[in-house]
Every structure is written in C-alpha cells, then in structure tokens.
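# Notes for the structure review
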Amino acid sequence: MRWLRHGIGWTWLALGYTFVFLPVVVLVLFSFTSRDVPLPPFEGPSLEWYQRIFDNDRMVDALVNSVVLAAVSSFVATVLGFLGAYGIARHRSRWEGVMRYVIMAPITVSYLIVGIGLLVTFHVMGVPKSLWAVGVGHVVINLPLCFSIILAGLGEHQRNLERAAQDLGASELAALLRVTVPVSLPSILAAYCLSFTLSWDEFIIAFLLTRFDVTLPVMLFELLRGGSSPELNAAGSVVFGISMSVVLIAAAVAMIGRRRA
C-alpha cells in the first residue's frame, strides 16, 4: 500500500505543478512564434516579437520605470522594515503588540483599497498622479513583508553578539552597523528581493496612481485591451523571467544564510 500512497502523492504533485506552470510554458512558447497570432500550430522559433518590444519606445520606458520604481521602493521598504524590526526586537515595550499590528495592518488590506485610499489622499493633498505616488503605495504594501522577514532573523544569538560588542566598547550604533546589519544581511537581501518582485509586477496601484509615465504591467494591460498577440506574450515572458530571477536570487541568499547560521 505504501507504493500506492506514494504514487497518488506524486500524481497530485505533478498535476499541481502542471496546473501552475502549463499556462506559463504556453505563454513563453508562443512568444517565439513567427505567426501573427499566438495560436497552434507553433511556427518558429523567432525573436521578431522581442525585437518589436525593445524597438517600442513606450515599452522600453515602461520597463525602465518598473525597474527603477521596484528598486527604489523596495530599498525604502527594506530600510523601514529593518528599523521597525530592530526597534521591536531589541527594545521591548508594553505597546509591542500594537506596534506590530500597525506595521502588519496593510498586509490585511487588498491592493485595490490601498490604491483607492492613496488616490483620494493624494487628491486632497494636491499631489498629482506619478511614479512617486506609486512608489509610496508600493512601500506601504511591501513594508509588512520586509518587517516580518527581517524580524524573524533577529534572534537571540544576534543579541548576544551585540552585547559582546558593546562589552568590548562599541556603542549601540556601532554594534548595529558592524554586527547586526552584517549578520542580518541574508534576511535583509531576501526581504529586498521579494519586495522587488512584488513591486515589479504590481498592477492595481500602478494603474490607479499613474497618468503618462506608466509601468510595464500597465503597458501590458493596454496591449491586452487590443487583443491577444505574440508581442503581448513576449512582454509577459520578460516580466515572468525577471520575476523568477529575483525570486531565485532571494532563495539562494536565504539558503546561503541558513547554511552559515
């Protein structure tokens, strides 16, 4: 009976992976077709549609906007998440539970509500739609993720290292910069990479808070409104490839940090 249970388990696992990755495989496959429509039979391979993407100035601008926005907003979210995690982990307070709830609250709210709330707030404040407004939204939704990842890495062993450094004459700031940050670097990089991934392919907030300078997901939505095409497949493949690269980097960093620990 053991072989039957194992067979059923592996079958369900294969079906699950097929359900998740088959659409992605089809998307990438037909981005290399030489036909004008992404439909069988497959003809190619051809890089024509990727060439059209990078010859499209609006598409390239949207790609650059997405990369810059993801890099900057993820950096800000990671820094704020680290400061919040360090403050709660190292300075106990009777209000610790409340502070944790306040920081983690945005993760319980849908992106649509966050985007509409920011849109109304910026309108009242007279702040126009822009990539900077989108960046604020991405910091809001990514801060809880960065906070939770980094807080999990600030264990008691790090506190002992900090105390040892302070016993040897280091100030709290010196211990933070020379001990805490280097030891926490794997969790910090993992938080940054995952935050980058979420910001990179986020659509709702970017759609609500941009006007002329749009991100790549918003550009893909515009292409989708014109109907399915191999160019859309190619652009989607680029988004998927960059997202997977960042996730793999985060996973590698986490594994290296775990082995060192």
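Here the focus is the nonpolar core. Core analysis: the biggest nonpolar cluster contains 33 residues, and Met59, Trp200, Leu209 and Leu216 have the highest contact counts within it. For this core, the secondary structure elements donating two or more residues are α2 (48–55), α3 (57–90), α5 (111–125), α6 (131–153), α9 (185–200), α10 (204–209), α11 (216–225) and α12 (230–260). Residue contributions to this core peak at seven residues, all from α12. With residues near it in sequence (within four places) discarded, Leu209 still touches Gly115, Leu118, Leu119, Phe122, Lys129, Ser130, Ala133 and Val134. Counting residues in each nonpolar core, the second largest holds 15 residues, with Phe82, Ala89, Val139 and Ile188 among its members.

Packing of α3 against α6 leaves a shortest axis separation of 7 Å and a crossing angle of 40°. For the element pair α3 / α6, the angle class is oblique. As for how α3 packs across α6, the hand of that crossing is right-handed.

Before going further, it helps to examine the side chain of Ser195. Checked against the element boundaries, Ser195 lands in helix α9. In this structure Ser195 comes out as buried when scored by relative accessible area, which is 0%. At 3.3 Å, the side chain of Ser195 forms a polar contact with the side chain of Ser74.

Reading guide: rules and limits
Residues numbered from 1 in each chain as written. Predicted model: local features only at pLDDT ≥ 70, side-chain atom pairs only at ≥ 80, totals over all residues. Heavy atoms only, no water. Core = buried A, V, L, I, M, F, W, Y, C linked by side-chain atoms within 4.5 Å. Buried < 20%, exposed > 50% of the residue type's maximum accessible area, 1.4 Å probe, protein only. Helix = DSSP H or I, 4+ residues; strand = E, 2+ residues; numbered from the N terminus. Contact = heavy atoms within 4.5 Å. Axes fitted to C-alpha atoms, helices over the stretch in contact; angles between N-to-C directions. Parallel < 35°, antiparallel > 145°, perpendicular 65-115°, else oblique. Left-handed = near helix turned anticlockwise from the far one by under 90°. Polar contact = N/O pair within 3.5 Å; in protein donor to acceptor, adjacent residues only side chain to side chain.

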